[in-house]
Every structure is written in structure tokens, then in C-alpha cells.
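# Results of the structural survey
For reference, the chains in residue letters:
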Amino acid sequence: MLNKYARAAVTTLFSPLARLLLRLGVGPDAVTIVGTLGVCLSALLLYPRGELFWGTIAVTVFVFSDTLDGIMARAQGRSGPWGAFLDSCLDRFGDAAVFGGLVVWFARGGDSELTAGLALLCLVLGGIVPYIRAKAEGVGMTAAVGIAERSDRLVAVLVTTGFVGLGLPTEVLTVVLALLALASAVTIGQRMATVRRQVLAAAADRP
Ligand SMILES: CCCCCCCC/C=C\CCCCCCCC(=O)OC[C@H](COP(=O)(O)O[C@@H]1[C@H](O)[C@H](OP(=O)(O)O)[C@@H](O)[C@H](O)[C@H]1O)OC(=O)CCCCCCC/C=C\CCCCCCCC
Ligand SMILES: Nc1ccn([C@@H]2O[C@H](COP(=O)(O)O)[C@@H](O)[C@H]2O)c(=O)n1
Ligand SMILES: [Mg+2]
Ligand SMILES: [Mg+2]
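The structure reproduced in this document is the subject of the present report. (Residues numbered from 1 in each chain as written. Chains lettered and ligands numbered in written order. Predicted model: local features only at pLDDT ≥ 70, side-chain atom pairs only at ≥ 80, totals over all residues. Heavy atoms only, no water.)

### Brief notes about the overall build of the protein chain
The line we're drawing: Secondary structure elements follow DSSP: runs of H or I of four or more residues count as helices, runs of E of two or more count as strands, with numbering from the N terminus. Note on method: radius of gyration uses C-alpha positions; expected globular size equals 2.2 Å times residues raised to 0.38.
Looking only at helices and strands, the protein chain features nine helices and zero strands. Seen in sequence order, the protein chain has helices and strands lined up from the N terminus as α-α-α-α-α-α-α-α-α. Relative to the compact-globule value of 17 Å for 207 residues, the protein chain shows a C-alpha radius of gyration of 18 Å, a close match. Projected onto its principal axes, the C-alpha positions of the protein chain cover 60 × 45 × 25 Å.

Spelled out as C-alpha cells, the structure:
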């Protein structure tokens, strides 16, 4: 949803920084790689120590590299299959680190097995959602739909984790993770139904 409604605003916000980096000789692949490393290190070093607020701030700073790299590639007129492949693959590391860091914290010092379990469920379902899209595109279909795309999942988990780090009860995050798991499961259903419709339509069109 955010991908649809917020992308234009976020693109306007980050375009000056994208142009500056290009002028300095920094390429989109470097931004993709450094951004992913930043997300992974921030989430895996800070969340397991219970640094939920500062972990979220650090992850947020780096996660916007995923918006920046695409803007830079398009500005250069060099968006291509390698960049799309690299971007998608590295997104999976970032997502795993964010939810994985929460799993480790809540299974240990955070002392909430339910929250840890729900974070693990979000990690698993949040891996299946983009897999369906990638597999659909591999067989010539599209599946870029759903109520919980990556930016939606990240905003939900980061905003809530940040506020829990500031003192909001953990139970709020537990509820948000439960809703996020549900929304991810719905997205899986939406994507599978979309692909099924395309397959049936293609079969009906065949003589
Ligand atoms: C007091 C509490 C403090 C808490 C502070 C925390 C605040 C946190 C607030 C917001 C965090 C926002 C994080 C969102 C970042 C989104 C980054 C992102 O995902 O950008 C990429 C995305 C397009 O994705 P891609 O095409 O590159 O990737 C695709 C995606 O991975 C697909 O996955 P799927 O959807 O299928 O699961 C894959 O299938 C596909 O292969 C892959 O290519 O870009 C966008 O979506 C653009 C829109 C982003 C909208 C972000 C909204 C942010 C909301 C508020 C902005 C506030 C600005 C503040 C700036 C602060 C800077 C430090
Ligand atoms: N290193 C990169 C990263 C991305 N791209 C291109 O941008 C598209 C993704 O754009 P986002 O705004 O969603 O990040 C991706 O499909 C590539 O075409 C690139 O070329 N190099
Ligand atoms: Mg990107
Ligand atoms: Mg991406």
C-alpha cells in the first residue's frame, strides 16, 4: 500500500541526496550493499541487547538506502536486471535481520516467548511473500499485489518497535506482530489468487 501511495513523496524527498551521491561518484550497487550491511548490523547488534529504540533509529537510517538505490539507478538511466536482482536478494537479508534480531531479544532478555514466536512467524511469512512474486515473475506472471508489501511490513514493525523502545508496553508490539503475520498470510493468498487468475486466463486464451 505504501509502495503505491508514498513512493512519489519519498522519491521527491530523497532525490537531492541521490543526485549528490552520484556527483560524488557513488553508484547504486554500493548504496544497496552498504545499506543492507547497515540494516543487518544495526538490527543484529542492537535488538538482541534490548536497544529497541536506537536499533530502530539505526535500521531506519539505513533502510532508506533501498529507496535511494532505485532513484540513483533511474537517474543514471542504468536500472537493469543486475540491479533488480541484487536489490531483491539483499532485501531478504535486511528483513531477516530485523525480525531475527527481535526473535533473539524476546526469546532471551525480553522474556516474551509469544512475541518471539510472532516475530519468527512474520520472518517466515515475510520471506514467502516476495518468493511468490519472484516465482510468478519467473514463470512469466506478475504478483506485485497485497496488503502487506515490504514497505508496509517495515513501517509497522519499525514504528512499533521504536515506541516500545521508548516505553510503550511490549504487548503493543505483540499485537502488531500478530496483525502483521495475519496481513502477510492474506498477502500470500492475494498473490497466489492473482497468479492463478493469470494462469487460467492464459489457458482460456490458448486456441
Ligand atoms: C519514536 C519512535 C521512533 C520510531 C522511528 C521509526 C520511524 C520509522 C518510520 C519509517 C520507517 C520506514 C521504513 C520503510 C522503508 C521502506 C524502504 C523500502 O522498502 O523501499 C523499497 C521499496 C520498494 O521495494 P523494492 O522494489 O526495492 O523491493 C522489492 C520488495 O522487496 C518486494 O518485497 P515484497 O513487497 O514482495 O515483500 C520484492 O518482492 C521485490 O523483489 C523487491 O524488488 O520502496 C518503496 O516502497 C517506496 C515507498 C517507501 C515508503 C516508505 C514510507 C515511509 C514512511 C515515512 C517516511 C518518513 C521519512 C522520514 C525520513 C527519516 C530518515 C531517517
Ligand atoms: N543497485 C541497484 C538497485 C536498484 N536498481 C533498480 O531499481 C529498481 C528498484 O527500485 P527501488 O526504488 O524499488 O529500489 C530495481 O528493479 C532496478 O531496476 C538498480 O538498477 N541497481
Ligand atoms: Mg531499492
Ligand atoms: Mg528493495
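### Things to note about the coordination of the magnesium ion (ligand 3)
When four donors bind a metal tetrahedrally, each ideal donor-metal-donor angle is 109.5 degrees, and when six bind octahedrally, the ideal angles are 90 or 180 degrees. What counts here: Any N, O or S atom lying within 2.8 Å of the metal counts as a donor, and for Na, K and Ca the limit rises to 3.2 Å; water is left out, so some sites can look incomplete. Categorising residues by exposure relies on relative accessible area from a 1.4 Å probe, with only protein chains included: less than 20% of the type maximum marks a residue as buried, more than 50% marks it as exposed, and the intermediate range marks it as partly exposed.
Bound to the magnesium ion (ligand 3) are the protein donor atoms Asp66 (O), Asp66 (OD), Asp69 (OD) and Asp87 (OD), situated 2.0 to 2.3 Å from the metal. Taken as an interatomic distance, the gap from the magnesium ion (ligand 3) to the magnesium ion (ligand 4) is 3.5 Å; Asp66 donates to each of them. Residue Asp66 and its partner Asp69 are located together in helix 5 (residues 65–76), separated by three residues, close to a single helical turn. Take Asp66: its relative accessible area is 22%, and that puts it in the partly exposed class. The exposure class of Asp69 is buried, given its relative accessible area of 4%.

### Some thoughts on the environment of Thr36
Structurally, Thr36 is set in helix 3 (residues 28–46). A residue is classified by how much of its surface remains accessible, and Thr36, at 13% relative accessible area, is buried. Put simply, Thr36 and Asp95 are 59 residues apart on the chain and 9.5 Å apart in space, counted from C-alpha to C-alpha.

### Some thoughts on the pattern of salt bridges
To keep it simple, the criterion reads: By definition here, a salt bridge exists when the distance from a side-chain nitrogen of Lys or Arg to a carboxyl oxygen of Asp or Glu is within 4 Å.
On inspection of all chains with the given rule, the structure shows seven salt bridges. Here Glu137 makes a salt bridge to Arg133, at a shortest N to O gap of 3.1 Å. Here the residue Glu137 and the residue Arg133 both occupy positions in helix 7 (residues 113–138), the gap between them amounting to four residues, near one helical turn. A salt bridge links Arg191 to Glu149; the nearest nitrogen and oxygen atoms lie 3.7 Å apart. In this pair, Arg191 sits in helix 9 (residues 170–205) while Glu149 sits in the loop between helix 7 and helix 8 (150–165), placing the two residues 42 residues apart along the sequence. You can call Arg191 buried: its relative accessible area is 3%. The network of salt bridges with shared partners includes Asp66, Asp91, Arg92, Asp95, Arg150 and Arg153.

### A closer look at the side chain of Glu149
Basically, it comes down to this: Residues count as neighbours in contact if any of their non-hydrogen atoms are within 4.5 Å of one another.
Look at Glu149 and you get buried, because its relative accessible area is 11%. Setting aside its immediate chain neighbours within four residues, Glu149 contacts Met1, Asn3, Ala144 and Arg191.

### Things to note about the coordination of the magnesium ion (ligand 4)
Surrounding the magnesium ion (ligand 4) are the protein donor atoms Asp66 (OD), Asp66 (OD), Asp87 (OD), Asp91 (OD) and Asp91 (OD), at 2.0 to 2.7 Å. Each donor residue of the magnesium ion (ligand 4) lies on the same chain, and together they follow the pattern D-x20-D-x3-D. Accessibility expressed as a relative area gives 11% for Asp91, which makes it buried.

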